[in-house]
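Examination of the molecular architecture
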Amino acid sequence: PSDGGGGMPLNCENILKKVNCPVAMAKFGQRQVKEMYGIDTKYIPHAIDTKNYHPLTKEEKERCKAKYGMQGKFVVGCVQRNQGRKMPDRLVKAFALFCKDKPDAVLFMHTDPYDIAAPFDLVQLINRYKINNRVVFSGMQFFNSFDYKKMNEVYNAMDIFAMGTSGEGFGIPYIESMAAGIPN
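A few points on the structure. Bear in mind the structure is a predicted one, so any value in this text is a computation, not a measurement. (Residues numbered from 1 in each chain as written. Predicted model: local features only at pLDDT ≥ 70, side-chain atom pairs only at ≥ 80, totals over all residues. Heavy atoms only, no water.)

With that settled, the discussion passes to the pattern of salt bridges. Enumeration according to the criterion identifies 6 salt bridges in this entry. The closest approach of N and O atoms between D40 and K34, which form a salt bridge, is 2.8 Å. Accessibility expressed as a relative area gives 57% for D40, which makes it exposed. Exposure remark for K34: the relative accessible area of 40% places this residue in the partly exposed category. In this structure, K102 engages D101 in a salt bridge whose closest nitrogen and oxygen atoms are separated by 2.7 Å. Judged by relative accessible area, K102 falls into the partly exposed class, the value being 27%. Sharing partners across several salt bridges, the network here consists of K67, K149 and E153. (Salt bridge = Lys/Arg side-chain N within 4 Å of Asp/Glu carboxyl O. Buried < 20%, exposed > 50% of the residue type's maximum accessible area, 1.4 Å probe, protein only.)

Moving on, we get to helix 4 (residues 88-98). Within helix 4 the residues assigned to the buried category are P88, L91, V92, F95 and A96. Viewed end-on, helix 4 has its buried residues packed into an arc of 135°, placing them on one side of the element. Helix 4 presents R90 and L97 as exposed residues on the side facing more than 90 degrees away from its buried surface. Elements in contact with the buried residues of helix 4: strand 3 (74-79), strand 4 (105-110) and helix 5 (122-128). (Helix = DSSP H or I, 4+ residues; strand = E, 2+ residues; numbered from the N terminus. Arc of directions from axis to C-beta. Contact = heavy atoms within 4.5 Å.)

Right under this line is the structure:
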């Protein structure tokens, strides 16, 4: 993956020269590697199957919200693992500030608050910001994932999608949420 016009990671060309078939997931990255290092890459688009992720009708979206007890709420959602790089602490803090004057706003987190790799105790953090009645977890557990149908429902229960991450290599939840018609 290439994160933009700032160039590739230091010594990236050494790795690209070792692999049998370098692959870019965007034409921009393919062009960038050719221009910077003279290396030809295959191009396989980084995309989402819209049979799995797609917008639902307004009525279906309301049913998705109701499934998690969020009917009539403005839902800020995230899909992320509870890991340090994902910075769920920043998302919780940002939401606590955002929702102060928005009584109908809730944070819908598709994450495992008890993930064994968790650097933060999300429940404690949510209580510290006094938003424990404003946060809903999807029920996902790290070792018990949701299928595509349930994930599409998770995204469609959201009004907007947000992550507090410090950076994404692939950013799959961003693409999935956009395919479901949810603004980021």
